[in-house]
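The chain contents come next:
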Amino acid sequence: MGNRIAGSDGLRVLHAEFCRMQCLLIVQETYAHRPQIEYTFGHLIPTLVMVESPQAALFSALPNDDPDAPLTETKIEPELLLIKSKPITSGFRSTILHLRAKAGFWSRFRGAAASGAYTFCLSWTAQFISAFRFIPMGTAPVLAAVLCAQLSMTWTHIVISEPRTVAWYKRIPSLKLWKKIAGPTAMFAIAKQLAILLPTYLLTTYSLPRDGNDLQKMSTAELQLIVLKGLSVIALAITLSFLIVLPANVALTRVQASLLADTEESIVPFDRTFGGKVIPEIAGGSGHIGFVDAWKTFEWCSFANLINAYGKVILMEFFVMVLFVLCILGEVIFVLGDEINKIPGLGKNGAKVTIN
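The following paragraphs examine the structure supplied in this document. Fair warning: this is a prediction, and the values are worked out from it, not measured in the lab. Position numbers for residues start from 1 in each chain and track the written sequence from start to end. Confidence filtering applies because this is a predicted model: local features only for residues at pLDDT of at least 70, side-chain atom pairs given and counted only at 80 or more, and all residues used for totals across whole chains, interfaces and linings. No hydrogens and no water enter the side-chain calculation; it runs on all heavy atoms of the structure.

Moving on to empty space enclosed by the protein. Detection works on a 1 Å grid of protein atoms alone, calling trapped sets that fit a 1.4 Å probe cavities and calling open sets with protein on both sides within 12 Å along at least five of seven lines pockets, with lining residues defined by an atom within 4 Å of a point. Grid points are joined across faces, edges and corners, and a volume is the space filled by probe spheres set on the points. Counted by the stated rule, this structure contains one cavity of 30 Å³ or more. Forming the boundary of the largest cavity are Ile-45, Val-49, Thr-89, Ser-90, Gly-91, Phe-92, Asn-305, Asn-308, Ala-309 and Lys-312. Secondary structure elements follow DSSP: runs of H or I no shorter than four residues count as helices, runs of E no shorter than two count as strands, and numbering proceeds from the N terminus. Listed by contribution, the elements that provide at least two residues to the lining of the largest cavity are α2 (34–51) and α11 (300–336). All amino acids are sorted into three groups, where Ala, Val, Leu, Ile, Met, Phe, Trp, Tyr, Cys and Pro are nonpolar, Asp, Glu, Lys and Arg are charged, and the leftover types, Gly among them, are polar. A breakdown of the residues in the lining of the largest cavity according to their chemical character gives four nonpolar, five polar and one charged.

We now examine the layout of surface pockets. A volume near 740 Å³ is recorded for the largest pocket. His-43, Tyr-118, Phe-188, Lys-192 and Asn-249 are, among the 30 residues lining the largest pocket, the residues nearest its centre. Going through the elements one at a time, α2, α4 (112–130), α5 (139–147), α6 (149–160), α7 (175–205), α9 (220–258) and α11 are the ones with two or more residues in the lining of the largest pocket. Here the lining of the largest pocket is built from residues that sort into 15 nonpolar, 14 polar and one charged. Here the second largest pocket defines a volume of roughly 500 Å³.

Angles run from 0 to 180 degrees between N-to-C directions of axes, and those axes are lines fitted to C-alpha atoms, restricted for helices to the stretch in contact. At their nearest, the axes of α6 and α7 sit 9 Å apart, and the two run at 95 degrees to each other. Classified by the angle between their axes, α6 and α7 sit roughly perpendicular to one another. Listed contacts from α7 to Ala-149, Gln-150 and Met-153 of α6 are Leu-175, Leu-177, Trp-178, Ile-181 and Thr-185. Taken together, the residues of the contact of α6 with α7 sort by class into six nonpolar, two polar and no charged. Note on terminology: angles under 35 degrees are roughly parallel, angles over 145 are roughly antiparallel, angles of 65 to 115 are roughly perpendicular, and the others are oblique. Whether two residues are in contact is decided by their heavy atoms, any of which lying within 4.5 Å being enough.

Pairing of aromatic rings covers Phe, Tyr and Trp, the last through its six-membered ring, and needs centres within 6.5 Å; plane angles under 30 degrees mean stacked, over 60 mean edge-to-face, and all others mean tilted. All chains considered together, the criterion is met by 14 aromatic pairs. Both rings, one in Phe-242 and one in Phe-303, keep their centres 5.9 Å apart while their planes meet at 65 degrees; by these two values the pair is edge-to-face. Here Phe-242, found in helix α9, pairs with Phe-303, found in helix α11; they are 61 residues apart in sequence, far enough to count as distant. Burial classes: relative accessible area under 20% of the type maximum marks a residue as buried, over 50% as exposed, and values in between as partly exposed (1.4 Å probe, protein chains only). Judged by relative accessible area, which is 41%, Phe-242 ranks as partly exposed. For Phe-303, a relative accessible area of 12% puts it in the buried group.

Let us now look at helix α3 (residues 92–103). The span you would expect from a helix comes to 1.5 Å times its residue count less one. End to end, α3 covers 16 Å across 12 residues, agreeing with the expected 16 Å (1.5 Å per residue, within 8%). Those residues of α3 lying buried are Phe-92, Thr-95, Ile-96, His-98 and Leu-99. Summarising the axial view, the buried residues of α3 lie within an arc of 160 degrees, below the 170-degree limit, and thus occupy one face. Residues of α3 that are exposed and point more than 90 degrees away from the buried face comprise Arg-93 and Ala-101. Backbone geometry just after α3 places Gly-104 at a positive phi near 90 degrees. The arc in question is the one spanned by the directions pointing from the helix axis to the C-beta atoms.

For the rest of this paragraph, the subject is the packing of α6 against α9. In contact at an axis separation of 9 Å, α6 and α9 are set at 75 degrees when each is read in the N-to-C sense. Between α6 and α9, the crossing angle belongs to the class labelled roughly perpendicular. For the pair α6 and α9, contact is made by Ser-152, Met-153, Thr-156, His-157 and Ile-160 and by Thr-253, Gln-256 and Ala-257, respectively. Of the residues belonging to the contact of α6 with α9, the class tally is three nonpolar, five polar and no charged.

Moving on, we get to the side chain of Ser-90. Examined against the element boundaries, Ser-90 turns out to sit in the loop between β2 (80–84) and α3. Ser-90 has contacts with Asn-305 and Asn-308, leaving out every residue within four places of it along the chain.

Moving on to the pattern of salt bridges. The rule for a salt bridge is simple: a side-chain nitrogen of Lys or Arg has to be within 4 Å of a carboxyl oxygen of Asp or Glu. For the coordinates displayed, the defined rule picks out three salt bridges. In this structure, the salt-bridge partner of Glu-162 is Lys-102, at a minimum N-O distance of 3.5 Å. Here Glu-162, found in the loop between α6 and α7, pairs with Lys-102, found in helix α3; they are 60 residues apart in sequence, far enough to count as distant. The exposure class assigned to Lys-102 is partly exposed, which follows from its relative accessible area of 41%. Glu-264 serves as the salt-bridge partner of Arg-171, at 2.4 Å between the closest nitrogen and oxygen. Remark: Glu-264 occurs in the loop between α9 and α10 (291–296) and Arg-171 occurs in the loop between α6 and α7; sequence separation between them is 93 residues. Several salt bridges converge on common partners, so that one network encompasses Arg-164, Arg-171 and Glu-264.

Among the buried residues, those of types Ala, Val, Leu, Ile, Met, Phe, Trp, Tyr and Cys that are joined through side-chain atoms within 4.5 Å form a nonpolar core. Counting residues in each nonpolar core, the largest one holds 40 residues, and the members touching the most others are Phe-41, Leu-44, Ile-45, Leu-48, Ile-160 and Leu-306. For this core, the secondary structure elements donating two or more residues are α2, α3, α6, α9 and α11. Here the element with the most residues in this core is α2; it accounts for nine residues. Other than its neighbours up to four places away in sequence, Leu-44 contacts Tyr-39, Leu-99, Ser-107, Arg-108, Arg-110, Trp-155 and Val-159. Phe-188, Ala-191, Val-245 and Leu-252 belong to the second largest nonpolar core, which has seven residues in total.

Remember that the coordinates give geometry; whether it matters functionally is a separate question.
The structure is reproduced here in structure tokens:
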């Protein structure tokens, strides 16, 4: 009898350990895909969407060869049809297949070294500038972004161009090109700071409870008001991100793309003249598109693809978070077993645990 009980306990322990290992494997597999979600789908592909220009082609309608058709003295010219092909970046699958065909399997992580260097330099530069007490709040990230603008453009050029054997740090643009993107970079950085500081300021204007004791003393109406205040802060942040941050990001990326060297081939088709807005320096122009024109020339179909891409990324991140929480809860249940019934509020009888 005792051996049977011991055997059943052993099987229970093995079963719990097996389930625990399964949960850990699921968590590891899930978080192994997070870099791809955040970098490839959340950063790399949207950049290609911002740059790609929908391709259009002219087709001549077939002439009318009907023998019974009435004869006319004047010859009718065939009608020309303007048909736009589907963009390569209209979907994640088509974009990944295109990148793999052009740059190989690891193309989904192309530019990762330049991105890491830019993130590192941007963070440390912002911390160094913010160490000076006289620098106003929100100014350090803007100055850091402007100082590191060459690294940002380097990453954009690596992503939107076909593969090259040159090391990424040898593709850093000259100081002459930095002067052309310093202004657009500052505009984008200011837009990001406004999307952070304005909701934060709105939150500070609300009288919110300081701890849980204050919450317990509030009525239902007061609690509902707090929820509405929190939703208003979130709504303001989303609105600012959609109205100023996203257009500024698109404009900056397109300005950077307009400065891509003529000797480099783009990995997705895009109009280097941006609808005739770019005038070469030889002809007396600036050689790149302006910040405002960069946004105005961004077609609505591409904007819809960009919103669709960001929406998919949000859903993927949400799925990863839910799966992670479910795996952690499952591991807790398997480890605790029947002991979980003793947790206050979770037990069958609502038993309370007294800790001496």
